[in-house]
Amino acid sequence: MRRDIEIIGYEGAIVAGLYQDGVLTDVLAEPADERGRLGAVYCGRVERVDTVAGACFLDIGLDRQAFLKLPSRARPPKAGDFLPVQVTGAAREEKGPPVTMDIALPGRFLVYRPYGDTVSVSRRLGPDAKRIWRNRLSGGWIVRAAAAVADPESIEAEIAWLRHQAAAIVERLDAARAPALLLDGPDASRRMILDAGPDLAAVRLESRALDPHLFGWLERAGIPVRLDMGDAALTDHLPELLEAEVPLPSGGSIIIEPTRALIAVDVNAGAARDKSLANREAARAIARHLRLRNLGGLMVIDFISVFRREEAVLFDLLKDALADDPATITIGPGISSLGLVELARERRGLGLAEALGVDKSAR
């Protein structure tokens, strides 16, 4: 499988699109003025501790205080303490960004947790991989599925690169006065490149001015990929991905409506003569658009009513369509008596509409 990435500027945001054998499968975006904030590491100053909620609020130098959920058995910090923290999500509504002290530095094959002491291995690597990698690594690591096809030299180079980032954090932390930025996070384009795995063939950048440091970053990260410049087809795909309605070949459609509480997905029969066919098309389209729109959080899907005997087949089809999603998905036990399916998709930064300033409902 060939994978390619396009990176463009669009409506004040940086947008990266992943193509598999020429078909757009994933899109990540973030506002240009928030670039590199997700995953950034800060030295934060504790402003307030809420012992009832088991959390504290920190000044990390942004306009709103960051929110840190404290481990249940940890001794709570005191106001005025300095803590190294990493941003794990976007600020929403009146809340500042969530942060964690479990810092994780991502690579293509591994994720380094400099303050961790366990090695976690992707379940996709099989039962024997855990023992092999735990003998190979020491400290805190997450072994990604892409490590299965990595050569030893690439693994060693990535370990050195990630350890270098961790050393830079420690060095800056020793000299910092909170609040202070210790390390920028990987922006949307870099996250897309790291997630693409070893099949990535080329990256097309709309203009060098959009990301003048990308070539140097690719070299330091040890990613052997061709970097092209010029116009990208991704621009033409975005308007349709911002529409609520997605037409289906059968004449039906799906309507995707984010609300404050959840994302509602309604499957409409429309002009479709075969409701079962429309449902099957909808299951595939829903799985695809969750990735293309980078939707996260709780979702409820309302399928067209069908015979009870058809529901298990439809539910299995939906699960199969979601199986390759790089985000973690938790799905309910089946289709309810009201024809609803519940699922939750891991948030991977801002949704496309949020990042482009089109939809503020989830903020």
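Whatever comes next refers back to the structure up there.
Residues numbered from 1 in each chain as written. Predicted model: local features only at pLDDT ≥ 70, side-chain atom pairs only at ≥ 80, totals over all residues. Heavy atoms only, no water.

Draft legend 1. Molecular detail of the overall build of the chain. Of regular secondary structure, the chain possesses 8 helices and 21 strands. For the chain, the residues scored as buried account for 50% of the 363 residues in total. In the chain, the share of contacts with a sequence separation of at least 24, taken over all contacts with a separation of at least 6, comes to 60%. When the accessible surface of the chain is split by element, carbon and sulfur atoms take 51% of a total near 18200 Å². Across the chain, the 47 positively charged side chains and the 52 negatively charged ones have centroids separated by 5 Å. (Helix = DSSP H or I, 4+ residues; strand = E, 2+ residues; numbered from the N terminus. Buried < 20%, exposed > 50% of the residue type's maximum accessible area, 1.4 Å probe, protein only. Contact = heavy atoms within 4.5 Å. Areas by Shrake-Rupley, 256 points an atom, 1.4 Å probe, with all protein chains shown as cover. Lys, Arg positive; Asp, Glu negative; His and termini not counted. Charge placed at Lys NZ, Arg CZ, Asp CG, Glu CD.)

Draft legend 2. Up close: the sheet that holds strand E16 (residues 245–247). Taking strand neighbours across the sheet as the criterion, the 6 strands line up as E16-E17-E18-E19-E21-E20 in an open arrangement whose pairing is mixed. Only two strands of the sheet have a single neighbouring strand rather than two, namely E16 and strand E20 (329–331). With strand direction ignored, the average angle separating the axes of adjacent strands in the sheet is 20 degrees. Looking at chain direction, strand E18 (residues 263–268) and strand E19 (residues 297–302) are connected through 4 bridges and run parallel. Within E19, the residue paired with Asp266 across the bridge is Asp302. Most of the contacts of helix H6 (residues 275–292) go to E18, to which it runs at about 150 degrees, and overall it touches E16, strand E17 (253–258), E18, E19 and strand E21 (340–345). Across the sheet, helix H7 (residues 308–322) is in contact with E19, E20 and E21; its angle to E20 comes to roughly 175 degrees. (Pairing = 2+ DSSP bridges. Axes fitted to C-alpha atoms, helices over the stretch in contact; angles between N-to-C directions.)

Draft legend 3. Summary view of the side chain of Arg108. Tracing the sequence through the fold places Arg108 in the loop between strand E9 (105–106) and strand E10 (110–112). Within the buried set, Arg108 has no salt-bridge partner at all; the shortest N-O distance to an opposite charge, 4.6 Å, is to Glu158. A polar contact of 3.4 Å, which involves the side chain of Arg108, links it to the backbone oxygen of Gly222. If we skip the residues at most four places from it in the chain, Arg108 touches Arg144, Ala146, Glu158, Ile193, Leu194, Gly197, Pro198, Gly222, Ile223 and Pro224. (Salt bridge = Lys/Arg side-chain N within 4 Å of Asp/Glu carboxyl O. Polar contact = N/O pair within 3.5 Å; in protein donor to acceptor, adjacent residues only side chain to side chain.)

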